[in-house]
Amino acid sequence: MENFDAVIVGAGAAGLFCAGMAGQRGVRVLLLDHATAVAEKIRISGGGRCNFTNLGASPANFLSDNPHFCRSALARYRPSDFTDLLRRHGVSFHEKHLGQLFCDHSSQDIIDVLLRECAAGQVTRRQPCSVLAVQRVTKGFELTTSAGPVHTPQLVIATGGLPIPQIGASDWGLRLARDWGLKIIETRPALVPLTFASSEWAPLVELSGLSLPARLTCGGGKGAPKGALKGEFLEDVLFTHRGLSGPGT
Ligand SMILES: Cc1cc2nc3c(=O)[nH]c(=O)nc-3n(C[C@H](O)[C@H](O)[C@H](O)COP(=O)(O)OP(=O)(O)OC[C@H]3O[C@@H](n4cnc5c(N)ncnc54)[C@H](O)[C@@H]3O)c2cc1C
(Lines give C-alpha, C1' and ligand atoms only; values in the text may rest on other atoms or scores of the structure.)
Protein backbone atom coordinates (compact mmCIF):
# COMPACT_ATOMS: atom_id res chain seq x y z
CA MET A 1 0.00 0.00 0.00
CA GLU A 2 1.41 3.44 -1.00
CA ASN A 3 1.22 6.33 1.47
CA PHE A 4 0.74 10.02 0.70
CA ASP A 5 0.12 12.98 3.05
CA ALA A 6 -2.83 14.02 0.89
CA VAL A 7 -4.77 12.54 -2.03
CA ILE A 8 -6.72 14.87 -4.30
CA VAL A 9 -9.31 13.36 -6.64
CA GLY A 10 -9.93 15.52 -9.72
CA ALA A 11 -7.25 17.33 -11.73
CA GLY A 12 -9.38 20.28 -12.80
CA ALA A 13 -8.95 23.92 -11.80
CA ALA A 14 -9.56 23.30 -8.08
CA GLY A 15 -7.60 20.04 -7.78
CA LEU A 16 -4.54 21.33 -9.64
CA PHE A 17 -4.42 24.56 -7.64
CA CYS A 18 -4.89 22.77 -4.33
CA ALA A 19 -2.24 20.18 -5.25
CA GLY A 20 0.33 22.82 -6.24
CA MET A 21 -0.20 24.93 -3.12
CA ALA A 22 -0.14 21.94 -0.74
CA GLY A 23 2.91 20.41 -2.44
CA GLN A 24 4.85 23.67 -2.16
CA ARG A 25 4.14 23.64 1.58
CA GLY A 26 5.86 20.29 1.91
CA VAL A 27 2.78 18.03 1.71
CA ARG A 28 3.39 14.84 -0.30
CA VAL A 29 0.46 14.94 -2.71
CA LEU A 30 -1.06 12.36 -5.03
CA LEU A 31 -3.42 13.88 -7.65
CA LEU A 32 -5.74 11.46 -9.48
CA ASP A 33 -8.12 11.95 -12.39
CA HIS A 34 -10.09 9.38 -14.36
CA ALA A 35 -9.86 11.42 -17.59
CA THR A 36 -6.95 11.07 -19.98
CA ALA A 37 -6.51 14.81 -20.55
CA VAL A 38 -5.84 17.26 -17.74
CA ALA A 39 -8.19 20.18 -16.95
CA GLU A 40 -10.36 19.88 -20.03
CA LYS A 41 -12.91 22.31 -18.61
CA ILE A 42 -10.29 25.02 -18.28
CA ARG A 43 -9.33 24.35 -21.90
CA ILE A 44 -12.86 25.07 -23.21
CA SER A 45 -13.58 27.91 -20.76
CA GLY A 46 -14.05 31.47 -21.93
CA GLY A 47 -14.33 30.37 -25.56
CA GLY A 48 -10.83 28.81 -25.35
CA ARG A 49 -9.20 31.84 -23.72
CA CYS A 50 -10.33 31.25 -20.11
CA ASN A 51 -12.00 34.17 -18.36
CA PHE A 52 -9.84 33.33 -15.34
CA THR A 53 -10.92 36.09 -12.94
CA ASN A 54 -12.70 39.40 -12.62
CA LEU A 55 -11.03 42.48 -11.18
CA GLY A 56 -14.20 43.33 -9.27
CA ALA A 57 -14.85 39.84 -7.83
CA SER A 58 -16.28 40.21 -4.33
CA PRO A 59 -18.49 38.18 -1.99
CA ALA A 60 -21.51 40.00 -3.47
CA ASN A 61 -20.95 38.08 -6.73
CA PHE A 62 -21.35 34.66 -5.11
CA LEU A 63 -24.68 32.97 -4.46
CA SER A 64 -24.87 30.71 -1.46
CA ASP A 65 -27.27 29.69 1.29
CA ASN A 66 -24.61 31.15 3.56
CA PRO A 67 -23.52 34.46 1.98
CA HIS A 68 -20.52 34.64 4.35
CA PHE A 69 -19.14 31.27 3.20
CA CYS A 70 -16.85 32.72 0.52
CA ARG A 71 -15.63 35.76 2.49
CA SER A 72 -12.50 34.34 4.08
CA ALA A 73 -11.36 32.55 0.90
CA LEU A 74 -11.81 35.69 -1.19
CA ALA A 75 -10.08 37.84 1.42
CA ARG A 76 -7.08 35.50 1.59
CA TYR A 77 -6.72 35.01 -2.17
CA ARG A 78 -7.72 38.01 -4.24
CA PRO A 79 -7.94 38.40 -8.03
CA SER A 80 -4.62 40.32 -7.81
CA ASP A 81 -2.94 37.27 -6.20
CA PHE A 82 -3.84 35.24 -9.28
CA THR A 83 -2.73 37.93 -11.74
CA ASP A 84 0.58 38.17 -9.82
CA LEU A 85 0.98 34.41 -10.27
CA LEU A 86 0.33 34.69 -14.02
CA ARG A 87 2.85 37.54 -14.33
CA ARG A 88 5.47 35.42 -12.53
CA HIS A 89 4.87 32.74 -15.17
CA GLY A 90 5.03 35.24 -18.04
CA VAL A 91 1.40 34.74 -19.11
CA SER A 92 -0.05 37.73 -20.95
CA PHE A 93 -3.71 38.65 -20.51
CA HIS A 94 -6.14 41.50 -21.10
CA GLU A 95 -9.32 42.97 -19.68
CA LYS A 96 -12.15 42.34 -22.10
CA HIS A 97 -14.68 44.53 -20.36
CA LEU A 98 -16.35 44.97 -16.97
CA GLY A 99 -13.19 43.69 -15.26
CA GLN A 100 -13.23 40.30 -17.05
CA LEU A 101 -9.67 39.02 -17.57
CA PHE A 102 -8.86 36.65 -20.45
CA CYS A 103 -5.61 35.08 -21.71
CA ASP A 104 -4.12 36.77 -24.77
CA HIS A 105 -3.28 33.39 -26.30
CA SER A 106 -5.26 30.45 -24.96
CA SER A 107 -6.59 28.65 -21.91
CA GLN A 108 -3.64 26.29 -22.25
CA ASP A 109 -1.52 29.04 -20.64
CA ILE A 110 -3.55 28.67 -17.42
CA ILE A 111 -3.28 24.87 -17.51
CA ASP A 112 0.49 25.15 -18.00
CA VAL A 113 0.81 27.52 -15.00
CA LEU A 114 -1.12 25.11 -12.77
CA LEU A 115 0.96 22.14 -13.99
CA ARG A 116 4.20 24.04 -13.33
CA GLU A 117 2.95 24.93 -9.84
CA CYS A 118 2.28 21.21 -9.27
CA ALA A 119 5.76 20.33 -10.54
CA ALA A 120 7.24 22.92 -8.13
CA GLY A 121 5.38 21.12 -5.33
CA GLN A 122 6.60 17.69 -6.56
CA VAL A 123 3.02 16.49 -6.93
CA THR A 124 2.56 12.93 -8.20
CA ARG A 125 -0.18 13.01 -10.87
CA ARG A 126 -1.84 9.87 -12.23
CA GLN A 127 -4.11 10.05 -15.28
CA PRO A 128 -6.17 8.20 -16.29
CA CYS A 129 -6.67 6.68 -12.86
CA SER A 130 -10.03 5.71 -11.36
CA VAL A 131 -10.95 5.47 -7.70
CA LEU A 132 -12.80 2.20 -7.34
CA ALA A 133 -13.54 2.45 -3.61
CA VAL A 134 -12.89 4.71 -0.61
CA GLN A 135 -12.89 3.39 2.91
CA ARG A 136 -12.66 5.44 6.08
CA VAL A 137 -10.09 3.94 8.44
CA THR A 138 -8.92 5.05 11.89
CA LYS A 139 -6.10 7.18 10.56
CA GLY A 140 -7.61 8.58 7.39
CA PHE A 141 -8.69 6.91 4.18
CA GLU A 142 -7.84 3.87 2.09
CA LEU A 143 -8.47 4.20 -1.62
CA THR A 144 -8.63 1.35 -4.10
CA THR A 145 -7.50 2.88 -7.38
CA SER A 146 -6.93 1.44 -10.83
CA ALA A 147 -3.19 1.94 -10.11
CA GLY A 148 -3.26 0.12 -6.76
CA PRO A 149 -4.19 0.79 -3.11
CA VAL A 150 -3.29 4.09 -1.42
CA HIS A 151 -3.52 5.30 2.18
CA THR A 152 -3.78 8.96 3.17
CA PRO A 153 -4.74 10.93 6.29
CA GLN A 154 -6.20 13.73 4.12
CA LEU A 155 -8.55 13.38 1.17
CA VAL A 156 -9.70 16.23 -1.07
CA ILE A 157 -12.62 15.65 -3.42
CA ALA A 158 -12.29 18.10 -6.31
CA THR A 159 -14.35 16.28 -8.91
CA GLY A 160 -16.19 19.44 -10.00
CA GLY A 161 -19.73 19.96 -11.22
CA LEU A 162 -21.98 17.89 -13.46
CA PRO A 163 -21.85 19.65 -16.87
CA ILE A 164 -20.24 17.92 -19.87
CA PRO A 165 -19.63 14.30 -18.79
CA GLN A 166 -17.97 13.76 -22.19
CA ILE A 167 -14.86 15.49 -20.81
CA GLY A 168 -14.80 13.80 -17.42
CA ALA A 169 -17.55 15.37 -15.27
CA SER A 170 -19.24 12.91 -12.92
CA ASP A 171 -21.49 12.85 -9.87
CA TRP A 172 -18.96 10.72 -7.99
CA GLY A 173 -18.17 13.39 -5.37
CA LEU A 174 -21.85 14.05 -4.74
CA ARG A 175 -22.59 10.34 -4.34
CA LEU A 176 -19.68 9.93 -1.94
CA ALA A 177 -20.88 12.90 0.12
CA ARG A 178 -24.40 11.42 0.18
CA ASP A 179 -23.09 7.99 1.22
CA TRP A 180 -21.18 9.63 4.06
CA GLY A 181 -24.30 11.40 5.32
CA LEU A 182 -23.32 14.98 4.34
CA LYS A 183 -26.15 17.40 3.70
CA ILE A 184 -26.61 17.90 -0.05
CA ILE A 185 -28.39 20.79 -1.71
CA GLU A 186 -30.05 19.27 -4.76
CA THR A 187 -28.31 20.38 -7.95
CA ARG A 188 -30.07 22.07 -10.84
CA PRO A 189 -28.83 23.27 -14.23
CA ALA A 190 -27.33 26.77 -14.12
CA LEU A 191 -25.44 27.00 -17.41
CA VAL A 192 -28.27 26.69 -19.91
CA PRO A 193 -29.24 28.52 -23.10
CA LEU A 194 -32.40 30.63 -23.03
CA THR A 195 -34.37 29.32 -26.01
CA PHE A 196 -37.78 30.30 -27.35
CA ALA A 197 -40.45 28.56 -29.44
CA SER A 198 -39.45 29.08 -33.08
CA SER A 199 -42.70 30.97 -33.85
CA GLU A 200 -42.05 33.41 -30.98
CA TRP A 201 -38.43 33.92 -31.95
CA ALA A 202 -38.96 34.22 -35.73
CA PRO A 203 -39.09 38.07 -35.80
CA LEU A 204 -35.68 38.21 -34.06
CA VAL A 205 -33.80 35.53 -36.02
CA GLU A 206 -32.24 38.15 -38.29
CA LEU A 207 -30.46 39.62 -35.26
CA SER A 208 -28.55 36.38 -34.59
CA GLY A 209 -24.85 37.00 -34.09
CA LEU A 210 -25.46 40.46 -32.64
CA SER A 211 -24.23 41.14 -29.10
CA LEU A 212 -25.53 44.09 -27.08
CA PRO A 213 -24.86 45.46 -23.60
CA ALA A 214 -28.04 45.01 -21.57
CA ARG A 215 -29.38 45.74 -18.10
CA LEU A 216 -30.88 42.52 -16.75
CA THR A 217 -33.20 42.26 -13.80
CA CYS A 218 -34.63 39.18 -12.19
CA GLY A 219 -36.92 38.23 -9.35
CA GLY A 220 -39.14 40.37 -7.24
CA GLY A 221 -41.86 40.55 -9.88
CA LYS A 222 -45.51 39.76 -9.30
CA GLY A 223 -45.95 36.03 -8.90
CA ALA A 224 -42.23 35.39 -8.34
CA PRO A 225 -41.74 32.28 -6.19
CA LYS A 226 -40.94 32.84 -2.51
CA GLY A 227 -37.18 33.04 -2.02
CA ALA A 228 -36.56 33.79 -5.73
CA LEU A 229 -33.26 35.55 -6.35
CA LYS A 230 -33.49 39.25 -6.92
CA GLY A 231 -30.90 41.21 -8.76
CA GLU A 232 -29.93 43.59 -11.50
CA PHE A 233 -26.72 43.66 -13.52
CA LEU A 234 -25.18 44.98 -16.73
CA GLU A 235 -23.84 42.38 -19.16
CA ASP A 236 -23.65 41.43 -22.81
CA VAL A 237 -26.49 39.47 -24.36
CA LEU A 238 -26.01 37.61 -27.63
CA PHE A 239 -28.87 36.95 -30.07
CA THR A 240 -28.69 33.43 -31.53
CA HIS A 241 -30.85 31.53 -34.01
CA ARG A 242 -32.93 30.03 -31.20
CA GLY A 243 -32.82 32.59 -28.38
CA LEU A 244 -30.45 34.49 -26.12
CA SER A 245 -26.96 33.54 -24.99
CA GLY A 246 -23.75 35.19 -23.76
CA PRO A 247 -22.59 36.22 -20.27
CA GLY A 248 -25.83 38.05 -19.45
CA THR A 249 -27.95 34.93 -19.71
C1 LIG B 1 -18.41 25.80 -21.55
C2 LIG B 1 -17.90 26.32 -20.23
C3 LIG B 1 -17.24 27.55 -20.22
C4 LIG B 1 -16.75 28.06 -18.99
N5 LIG B 1 -16.08 29.24 -19.00
C6 LIG B 1 -15.58 29.73 -17.83
C7 LIG B 1 -14.79 30.90 -17.80
O8 LIG B 1 -14.50 31.51 -18.83
N9 LIG B 1 -14.36 31.35 -16.58
C10 LIG B 1 -14.63 30.67 -15.41
O11 LIG B 1 -14.18 31.12 -14.32
N12 LIG B 1 -15.33 29.53 -15.42
C13 LIG B 1 -15.80 29.05 -16.60
N14 LIG B 1 -16.51 27.88 -16.59
C15 LIG B 1 -16.70 27.18 -15.32
C16 LIG B 1 -15.38 26.48 -14.95
O17 LIG B 1 -14.94 25.73 -16.05
C18 LIG B 1 -15.59 25.59 -13.76
O19 LIG B 1 -16.16 26.33 -12.71
C20 LIG B 1 -14.26 25.01 -13.28
O21 LIG B 1 -13.62 24.31 -14.31
C22 LIG B 1 -14.53 24.10 -12.11
O23 LIG B 1 -13.30 23.56 -11.71
P24 LIG B 1 -13.27 22.25 -10.81
O25 LIG B 1 -11.85 21.91 -10.58
O26 LIG B 1 -14.17 22.43 -9.64
O27 LIG B 1 -13.97 21.14 -11.71
P28 LIG B 1 -13.54 20.54 -13.13
O29 LIG B 1 -12.72 21.51 -13.89
O30 LIG B 1 -14.80 20.02 -13.73
O31 LIG B 1 -12.58 19.33 -12.75
C32 LIG B 1 -13.05 18.17 -12.15
C33 LIG B 1 -12.09 17.06 -12.54
O34 LIG B 1 -12.48 15.89 -11.81
C35 LIG B 1 -12.39 14.77 -12.68
N36 LIG B 1 -13.31 13.74 -12.18
C37 LIG B 1 -14.66 13.77 -12.16
N38 LIG B 1 -15.13 12.63 -11.61
C39 LIG B 1 -14.04 11.87 -11.28
C40 LIG B 1 -13.88 10.59 -10.68
N41 LIG B 1 -14.94 9.84 -10.32
N42 LIG B 1 -12.63 10.12 -10.50
C43 LIG B 1 -11.54 10.86 -10.88
N44 LIG B 1 -11.64 12.07 -11.45
C45 LIG B 1 -12.88 12.58 -11.64
C46 LIG B 1 -12.77 15.30 -14.06
O47 LIG B 1 -12.22 14.48 -15.08
C48 LIG B 1 -12.14 16.69 -14.02
O49 LIG B 1 -10.84 16.71 -14.56
C50 LIG B 1 -16.98 27.34 -17.79
C51 LIG B 1 -17.64 26.11 -17.82
C52 LIG B 1 -18.08 25.59 -19.03
C53 LIG B 1 -18.77 24.26 -19.03
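The model shown is predicted, which means the values in this text are computed figures rather than measured ones.

Q: Explanation requested: the site of the ligand in the structure shown.
A: In the region of the ligand, 22 residues are neighbours, and Ala14, Asp33, Gly46, Asn51 and Ser170 sit closest. Separating an oxygen atom of the ligand from a backbone N or O atom of alanine 13 is a distance of 3.0 Å. Alone, the ligand offers 1000 Å² of accessible surface; in the complex the protein occludes 74% of this. A breakdown of the residues in the shell around the ligand according to their chemical character gives ten nonpolar, ten polar and two charged.

Q: Help me out: how do you make sense of the pattern of salt bridges in this one?
A: Once their charged atoms are close, side chains differing in charge can pair, the charge on each being opposite to the other. Going through the model one piece at a time under the given rule, you end up with six salt bridges. A salt bridge links aspartate 171 to arginine 175, with the shortest nitrogen-to-oxygen separation between them at 2.9 Å. By relative accessible area, aspartate 171 is classed as partly exposed at 34%. Look at arginine 175 and you get partly exposed, because its relative accessible area is 42%.

Q: Can you help me understand the environment of phenylalanine 102 in this one?
A: Mapped onto the secondary structure, phenylalanine 102 falls in strand S6 (residues 100-103). Each C-alpha atom, one on phenylalanine 102 and one on threonine 159, is 24 Å from the other, the two residues being 57 residues apart in sequence. When near neighbours in sequence (up to four residues on either side) are disregarded, phenylalanine 102 contacts Gly46, Arg49, Cys50, Asn51, Phe52, Phe93, His94 and Lys96.

Q: What am I meant to see in the packing of helix H1 (residues 13-24) against helix H5 (residues 108-120) here?
A: What describes two packed helices is the angle between their axes and the distance between those same axes. Where H1 meets H5, the axes come as close as 7 Å, and the angle between the chain directions of the two elements is 30 degrees. Overall, the two elements H1 and H5 adopt an arrangement that is roughly parallel. When you trace H1 past H5, the crossing you get is left-handed. Across the interface between the two elements, Ala13, Leu16, Phe17, Ala19, Gly20, Met21 and Gln24 of H1 pack against Leu114, Leu115, Glu117, Cys118 and Ala120 of H5. Here the residues of the contact of H1 with H5 sort into nine nonpolar, two polar and one charged.

Q: What is the right way to look at the pairing of S6 in this model?
A: Side-chain alternation along S6 places Gln100 and Phe102 on one buried face and Leu101 and Cys103 on a second face that is also buried. Pairing of strand S5 (residues 93-95) with S6, which is carried by three bridges, proceeds in the antiparallel orientation. Counterpart to glutamate 95 in the pairing with S6 is leucine 101.

Q: Any chance you could explain the environment of alanine 13 here in plain terms?
A: With respect to the helices and strands, the residue alanine 13 is situated in helix H1. Judged by relative accessible area, alanine 13 falls into the partly exposed class, the value being 44%. Taking the C-alpha atoms as reference, alanine 13 lies 8.1 Å from isoleucine 111; in sequence the two are 98 residues apart. Each residue touching alanine 13, except ones within four places of it in the same chain, is listed here: Ile42 and Leu114.

Cut-off values and rules
- Residues numbered from 1 in each chain as written.
- Predicted model: local features only at pLDDT ≥ 70, side-chain atom pairs only at ≥ 80, totals over all residues.
- Heavy atoms only, no water.
- Near = heavy atom within 4 Å.
- Polar contact = N/O pair within 3.5 Å; in protein donor to acceptor, adjacent residues only side chain to side chain.
- Areas by Shrake-Rupley, 256 points an atom, 1.4 Å probe, with all protein chains shown as cover.
- Nonpolar A, V, L, I, M, F, W, Y, C, P; charged D, E, K, R; others polar.
- Salt bridge = Lys/Arg side-chain N within 4 Å of Asp/Glu carboxyl O.
- Buried < 20%, exposed > 50% of the residue type's maximum accessible area, 1.4 Å probe, protein only.
- Helix = DSSP H or I, 4+ residues; strand = E, 2+ residues; numbered from the N terminus.
- Contact = heavy atoms within 4.5 Å.
- Axes fitted to C-alpha atoms, helices over the stretch in contact; angles between N-to-C directions.
- Parallel < 35°, antiparallel > 145°, perpendicular 65-115°, else oblique.
- Left-handed = near helix turned anticlockwise from the far one by under 90°.
- Pairing = 2+ DSSP bridges.

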